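A look at the structure
Now for the letters of each chain:
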Amino acid sequence: MSTARKGWDGAARKRPAGPLRRAGLRLLRVLGLPVLLILGWWAYSSAGLTFYLPTPGRVATAFAKVWFSARITEDVLPSVGRLLTGYALAGLLGIGLGVAIGSSRTLRAAAEPVLEFFRAVPPPVLVPLIMLLAGLDTAMKVLVIVSGCVWPVLLNTVEGVRAVDEVLDDTGRCFGLRGAARLRHLVLPAASPQIMAGLRQALSIGIILMVIGEMFASTSGLGHTVVLFQRGFAIPEMWSGIVVLGLLGFGLSVAFRAVERRILAWHLARGEERGRHA
């Protein structure tokens, strides 16, 4: 009897957690560290050791006052539009050139020194040059984003195309898979994990370059607004702009992850299957 009871108790203890507990644990994982950081910020800023670090309450008040207004359409939306435009152009350019360079040994050998040179140049250094060539309008800000975002996409695409399984490639050729059909059904799917990795890197670079481009001779945008508040010593408002940038980056990251999961569903499923058999 006691043995049976122990077995029943052990089975009861091993039963999976209920949905409420799982939801609570997931919420704790997501919000635990941010809450601790905010509490630490609040404790430090409440001591009044520096004027330049207001309390989270003052930043929240400034956030509601500044960004729940016309600045959404005057600053946030134009910045997001420039970011998405530059990011899309960099993605198309990087994938197109990456597929061409990765598919041709001759072209790769000729382009590699040039690619390594331009990849080593920090994109912010090119901002004054782009200002001279493209002026001070929206085209300049988009080109700044493209100049930095294109490299991770291009280089990851080249490596992804080069890594296509030779056995699969030979099998496809035996079945008459050539030209556009080979590109669509073999090369791009096989290279898609590395292409998505390059696009993920480019997204964070694009946000940084969006802000940098708007800090130079701009009259609108998040970068311009943050600098404007800083110059006017509107410190809570400046911090609220930084919060907006953080929320923008977080939102774009979540959206990208959802798209990535959908595109790479076959790749993620294969990885999970390998993990189960390991």
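The residue count restarts for each chain, going from 1 along the sequence in the order it is written. Under the rules for a predicted model, residues below a pLDDT of 70 receive no local features and side-chain atom pairs below 80 are neither given nor counted, while totals for whole chains, interfaces and linings still include all residues. Hydrogens and water molecules were not included; the side-chain quantities draw on all heavy atoms of the structure.

This part takes up the overall build of the protein chain. Check the secondary structure of the protein chain and you find 12 helices and 0 strands. Secondary structure counts use DSSP, requiring at least four H or I residues in a row for a helix and at least two E residues in a row for a strand, with both numbered from the N terminus. Ordered by position from N to C terminus, the α and β elements of the protein chain give α-α-α-α-α-α-α-α-α-α-α-α. Counting only C-alpha atoms, the protein chain reaches 85 × 70 × 30 Å along its principal axes. Relative accessibility thresholds used throughout: buried, under 20% of the residue-type maximum; exposed, over 50%; partly exposed, between the two (1.4 Å probe, protein chains only). Looking at the 278 residues of the protein chain, the share that counts as buried comes to 36%. We call two residues in contact whenever any of their non-hydrogen atoms come within 4.5 Å of each other. In the protein chain, 74% of the contacts between residues at least 6 apart in sequence involve partners at least 24 apart.

The next point concerns the packing of aromatic side chains. When the centres of two rings from Phe, Tyr and Trp lie within 6.5 Å, Trp using its six-membered ring, the rings pair. Their planes under 30 degrees apart give stacked, over 60 give edge-to-face, and anything left gives tilted. Inspection of every chain in the model, using the stated rule, returns 4 aromatic pairs. Look at F63 and F68: their rings are 5.8 Å apart centre to centre, the planes differ by 85°, and that puts the pair in the edge-to-face class. On the basis of relative accessibility, which here comes to 19%, the residue F63 falls in the buried class. For the ring pair F118 and W151, a centre distance of 6.3 Å and an interplane angle of 5° mean the geometry is stacked. Separated by 33 residues along the polypeptide, F118 in helix α5 (residues 105-120) and W151 in helix α7 (residues 138-162) bring together distant segments of the chain. What links up through ring pairs into an aromatic cluster is the set F117, F118 and W151.

Glancing now at the packing of helix α3 (residues 56-67) against helix α11 (residues 235-263). For the pair α3 and α11, interaxial distance at closest approach is 8 Å and the crossing angle is 75°. Taken together, α3 and α11 sit at an angle that is classed as roughly perpendicular. For the pair α3 and α11, the contacting residues are R58, V59, A62, F63, V66 and W67 in the first and P236, E237, W239, S240, G241, V243, V244 and L247 in the second. The residue classification treats Ala, Val, Leu, Ile, Met, Phe, Trp, Tyr, Cys and Pro as nonpolar and Asp, Glu, Lys and Arg as charged. All others, Gly included, are polar. Residues that form the contact of α3 with α11 fall into these classes: 10 nonpolar, 2 polar and 2 charged. Here an axis means a line fitted to C-alpha atoms, over the contact stretch when the element is a helix, while the angle between two N-to-C directions is reported on a 0 to 180 degree scale. By the definition adopted for this analysis, an angle is roughly parallel if under 35 degrees, roughly antiparallel if over 145, roughly perpendicular if from 65 to 115, and oblique otherwise.

This part covers the layout of surface pockets. A cavity here means a set of points on a 1 Å grid, drawn over the protein atoms and nothing else, where a 1.4 Å probe fits but cannot get out; a pocket is an open set with protein on both sides within 12 Å along at least five of seven lines, and a residue lines either one if it has an atom within 4 Å of a point. Grid points are joined across faces, edges and corners, and a volume is the space filled by probe spheres set on the points. Taken as a whole, the largest pocket holds about 550 Å³ of empty space. The wall of the largest pocket is formed by 15 residues, among which P34, I38, W41, V243 and L247 lie closest to the centre. Among the elements of the structure, α2 (19-46), α3 and α11 are those that each provide at least two residues to the lining of the largest pocket. If you tally residues by element for the lining of the largest pocket, the top one is α2, at 6 residues. Broken down by class, the residue content of the lining of the largest pocket amounts to 14 nonpolar, 1 polar and no charged. Within this model, the second largest pocket holds a volume of roughly 310 Å³.

In this fold, F51 is placed in the loop between α2 and α3. Taking the C-alpha atoms as reference points, F51 and I235, separated by 184 residues in sequence, lie 8.2 Å from one another. Setting aside residues up to four positions removed in sequence, F51 forms contacts with F233 and I235.

All right, on to the pattern of salt bridges then. The term salt bridge refers to a side-chain nitrogen of Lys or Arg lying within 4 Å of a carboxyl oxygen of Asp or Glu. This model, assessed by the stated rule, comprises 5 salt bridges. Ionic pairing is found between R82 and E214, a salt bridge with its closest N-O pair at 2.8 Å. Pair noted here: R82 is in helix α4 (residues 71-103) and E214 is in helix α9 (residues 179-215), with a separation of 132 residues, a long-range link. The partner of E116 in a salt bridge is R119, with the nearest N and O atoms 2.7 Å apart. Taken together, the positions of E116 and R119, both in helix α5 and 3 residues apart, correspond to about one turn of that helix. By relative accessible area, which is 44% here, R119 ends up partly exposed.

Here we come to the UniProt feature "transmembrane region" (unreviewed entry) in the protein chain. Under the local residue numbering, the UniProt record ascribes the feature "transmembrane region" (unreviewed entry) to residues 23-44, 84-102, 202-226 and 238-259. The annotated region residues 23-44 carries 100% helix and 0% strand content, and the separation between its end C-alpha atoms amounts to 31 Å. Along residues 84-102 one finds 100% helix and 0% strand; the C-alpha atoms at either end are 26 Å apart. UniProt positions are given in the numbering used here, feature names are shortened, and annotations may be inferred rather than shown by experiment.

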